[in-house]
Amino acid sequence: MRNLILTAMLSTASFFLPVNSALAAGDIEAGKIKSYTCTGCHGIPGYKNVYPTYHVPKIGGQNYEYLVIALKQYRSGERDHPTMDSQAQSLSDKDIEDVSAYFASFDGE
């Protein structure tokens, strides 16, 4: 019974916590400005690279933490994509947080 009460209390408390507290680390408005070059590929519905041909994903509404991790992995070389590698190299940790907050703020667009 004690475990059931504790579980209920924790579940209730977690309901009142922000859904994406890490989003607060990034500045959405700053991210909008900093992500200008990102929208050249990621903001075009159905965009495909010419060669090699692949689909470029739309990232609006993507999970904030996922975006931060992905950009840092491109920057460090853990993920390999020539365009993304060079784009991420120019971003500071704060830039990555801002850009990620901006794209995560979209409603799945």
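Since the structure is predicted, the reported quantities are computational estimates derived from the model, not experimental observations.

Engineer: So what exactly am I meant to see when it comes to the packing of aromatic side chains here?
Structural biologist: Each aromatic ring pair is described using two quantities: the centre-to-centre distance and the angle formed by the ring planes. On inspection of all chains with the given rule, the structure shows three aromatic pairs. An aromatic cluster of at least three residues, connected via ring pairs, comprises Tyr102, Phe103 and Phe106. The residue whose ring lies beneath Arg79 is Tyr74, and the NZ or CZ to ring-centre distance is 5.6 Å.

Engineer: Can you walk me through helix H4 (residues 64-76) in this structure?
Structural biologist: Residues lying three or four places apart along an α-helix face the same way, a consequence of the helix completing one turn every 3.6 residues. Counted at 1.5 Å a residue, the expected span for H4 with its 13 residues is 18 Å, and the 18 Å between its end C-alpha atoms agrees. At the N-terminal boundary of H4, the capping side chain belongs to Asn63, with an oxygen 2.9 Å from the backbone nitrogen of Glu65. Gly77 lies just past H4 and shows a positive phi near 95 degrees.

Engineer: What exactly am I supposed to notice about the confidence of the model for the protein chain here?
Structural biologist: Looking at the protein chain, the pLDDT average stands at 79 and 69% of residues meet or exceed 70. Mean pLDDT in the protein chain bottoms out at helix H1 (residues 2-15), which sits at 43, and peaks at H4, which reaches 97.

Rules used throughout
- Residues numbered from 1 in each chain as written.
- Predicted model: local features only at pLDDT ≥ 70, side-chain atom pairs only at ≥ 80, totals over all residues.
- Heavy atoms only, no water.
- Phe/Tyr/Trp six-rings, centres within 6.5 Å; stacked < 30°, edge-to-face > 60°.
- Lys NZ or Arg CZ within 6 Å of the ring centre and 35° of its normal.
- Helix = DSSP H or I, 4+ residues; strand = E, 2+ residues; numbered from the N terminus.
- Expected span 1.5 Å × (residues − 1).
- Polar contact = N/O pair within 3.5 Å; in protein donor to acceptor, adjacent residues only side chain to side chain.
- pLDDT = per-residue confidence, 0-100.

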